[in-house]
Amino acid sequence: MKLMRYGPKGQEKPGLLDAQGRIRDLSGVVADIDGAVLDAASLARLRALDTASLPLVQGNPRIGPCVGSIGKFICIGLNYADHAAESNLPVPAEPVVFNKWNSAISGPNDNIEIPRGSQKTDWEVELGVVIGKPAKYITEAQALDHVAGYCVINDVSEREWQIERGGTWDKGKGFDTFGPIGPWLVTVDDVPDPQNLGLWLEVDGHRYQNGNTRTMVFTVAKLVSYLSQCMSLQPGDVISTGTPPGVGMGVKPSPVYLKPGQTVRLGIDGLGEQTQKTVAA
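Figured I'd write up the structure that's included with this text. (Residues numbered from 1 in each chain as written. Predicted model: local features only at pLDDT ≥ 70, side-chain atom pairs only at ≥ 80, totals over all residues. Heavy atoms only, no water.)

The subject of this paragraph is the overall build of the protein. Helices and strands together make up the secondary structure of the protein, namely six helices and 18 strands. By the compact-globule yardstick of 19 Å for 281 residues, the protein fits well, its C-alpha radius of gyration being 18 Å. Summarising its shape, the C-alpha atoms of the protein cover approximately 55 × 45 × 30 Å along the three principal directions. Looking at the protein residue by residue over its 281 residues, the buried ones come to 55%. The long-range share in the protein, meaning contacts at least 24 apart out of those at least 6 apart in sequence, stands at 74%. When the accessible surface of the protein is summed, it comes to about 11,600 Å², and 52% of that surface belongs to carbon and sulfur atoms. (Helix = DSSP H or I, 4+ residues; strand = E, 2+ residues; numbered from the N terminus. Rg over C-alpha atoms; globule rule 2.2 N^0.38 Å. Buried < 20%, exposed > 50% of the residue type's maximum accessible area, 1.4 Å probe, protein only. Contact = heavy atoms within 4.5 Å. Areas by Shrake-Rupley, 256 points an atom, 1.4 Å probe, with all protein chains shown as cover.)

In C-alpha cells:
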C-alpha cells in the first residue's frame, strides 16, 4: 500500500494511492496516517478495503508529509562508507545519531527555505523508516517486525551551523523545511528488501547522488535494534538512515551549495519522488 496525506499545511487528510496512481480519500476510515493506524492489524484492515469504493480526490492537491503527528525524527549520520570518505571522516564503529526538530518537517514538494545568511545549505537523499510497533531492547532479528513502512526523505543540512558553529549537528539539521518526507508511506509488504533500493538526487537537472541502500554501513534492522537499546521507539517515529555520496559539501574541487531559485529533485526505487524549489527564508 501507498499511504499518504494531502491538503493544506496543518489540515492534511489521510489518503491512499490506488493502482492507477490516483488519490483515494481515507477520511471516512481513519482520522490520519499516524502512529494510531500503523500497527499490523490496522494496516491489514486498510489493505482489505475495496479501494474503488473510496472517494476519488479531484485535482492536484498539495501532498503533505506522509506521516502525521511524528513523535521522534531520528537521523543517522555517515551511514555510507563512501559518504564518510567524501566528508573526510572515518567510517563510524557505531551509528552516529542526531535529531531533526519536528518543526523541520514539510511536505515532499514544499519549498526549501535557505536560512538567512546561509552560504552552505546542502542536500541528502535518504531512506526513511517508519515505526509501526513499539520497540524497546529488541534484537536485530526482531527489528523489521516493528517497521510499518518506508519513505523518501531529504535530510537538508546547513553545513556551517552543523560543523563550524560548535555543539551538536542538530543545529544545522533542524531549520524549518529541512525535513521533507514522502510522498508516500509504502508499507513493508511492498518493500521486500530495504537493503536493495536505488536512491538519487538532482539539482537543476544535474545528477549529484546515485546510490543504493545495499552499501549502508548499518542496515535498517541494525539501526532499529540499536536505537531501541537507548530509547523506546513508538509508532509514528521516523528514522532517516543516512545518505550515499554526492552531497554538495563533497563536490571536488570546490563544494556546491544550494541558493534561492533552484530545483531539487530526488527519489528512491518504488517509494516515489520529491521536487522542491529553494527560496530565501
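Structure shown, so let's carry the discussion forward.
Before going further, it helps to examine helix 6 (residues 220–230). Looking only at helix 6, the buried set comprises V220, A221, L223, V224, S225, L227 and S228. In this structure, the buried residues of helix 6 make contact with strand 4 (73–77), strand 5 (96–99), strand 9 (125–131), helix 3 (140–143), strand 10 (147–154) and strand 16 (238–240).

Attention shifts here to helix 1 (residues 40–47). Within an α-helix, residues lying three or four positions from one another point in the same direction, as the helix has 3.6 residues per turn. Taken residue by residue, helix 1 has S42, L43 and L46 as its buried positions. Mapping the buried residues of helix 1 onto a view down its axis gives an arc of 95 degrees, with all of them on the same face. Turned more than 90 degrees away from the buried face of helix 1 sit A40 and R45, all of them exposed. On its buried side, helix 1 packs onto strand 1 (2–6), strand 10 and strand 13 (185–187). Residue D39 occupies the N-cap position of helix 1, its side-chain oxygen lying 3.2 Å from the main-chain nitrogen of A41. (Arc of directions from axis to C-beta. Polar contact = N/O pair within 3.5 Å; in protein donor to acceptor, adjacent residues only side chain to side chain.)

Take the nonpolar core next. In this structure, L127, Y150, V224, L233, I239, I268 and L271 are the most contacted members of the largest nonpolar core, which totals 46 residues. Elements supplying a minimum of two residues to this core: strand 1, strand 4, strand 7 (112–114), strand 9, strand 10, strand 14 (198–203), helix 6 and strand 17 (263–268). Looking at which element gives the most residues to this core, the answer is helix 6, with five residues. When near neighbours in sequence (up to four residues on either side) are disregarded, I239 contacts I74, I76, L127, G128, V129, I131, I153, V224, L227 and L233. Membership of the second largest hydrophobic core comes to 25 residues, among which are L26, V37, I70 and F98. (Core = buried A, V, L, I, M, F, W, Y, C linked by side-chain atoms within 4.5 Å.)

All right, on to the sheet that holds strand 18 (residues 272–280) then. Pairing is mixed in the open sheet, where five strands are placed in the order 7-18-17-14-15. Unpaired on one side and paired on the other, strand 7 and strand 15 (206–212) mark the two borders of the sheet. Put simply, the sheet's adjacent strands are angled 20 degrees from each other on average, direction ignored. Sheet topology note: the strand 14/strand 15 ladder contains six bridges and is antiparallel. Counted as the bridge partner of V203 is H206 from strand 15. (Pairing = 2+ DSSP bridges. Axes fitted to C-alpha atoms, helices over the stretch in contact; angles between N-to-C directions.)

What the nine strands build is an open sheet, ordered 3-2-1-13-10-9-16-4-5; its pairing is mixed. Edge positions in the sheet fall to strand 3 (23–25) and strand 5, since each of these pairs with one other strand and no more. Strand after strand, the sheet turns through a mean of 30 degrees between neighbouring axes, direction not considered. Here seven bridges tie strand 9 to strand 10, and the two strands are oriented antiparallel to one another. Counterpart to V130 in the pairing with strand 10 is G149. Lying over the sheet, helix 6 contacts strand 4, strand 5, strand 9, strand 10 and strand 16, oriented at roughly 55 degrees with respect to strand 9.

Further remarks concern the side chain of N79. Mapped onto the fold, N79 is located in the loop between strand 4 and helix 2 (81–86). N79 gets classed as buried once you look at its relative accessible area, which sits at 0%. For N79, the side chain forms a polar contact with the main-chain nitrogen of F218, separated by 2.9 Å. Setting aside residues no more than four positions away along its own chain, N79 makes contact with T215, M216, V217, F218, L223, T241 and G242.

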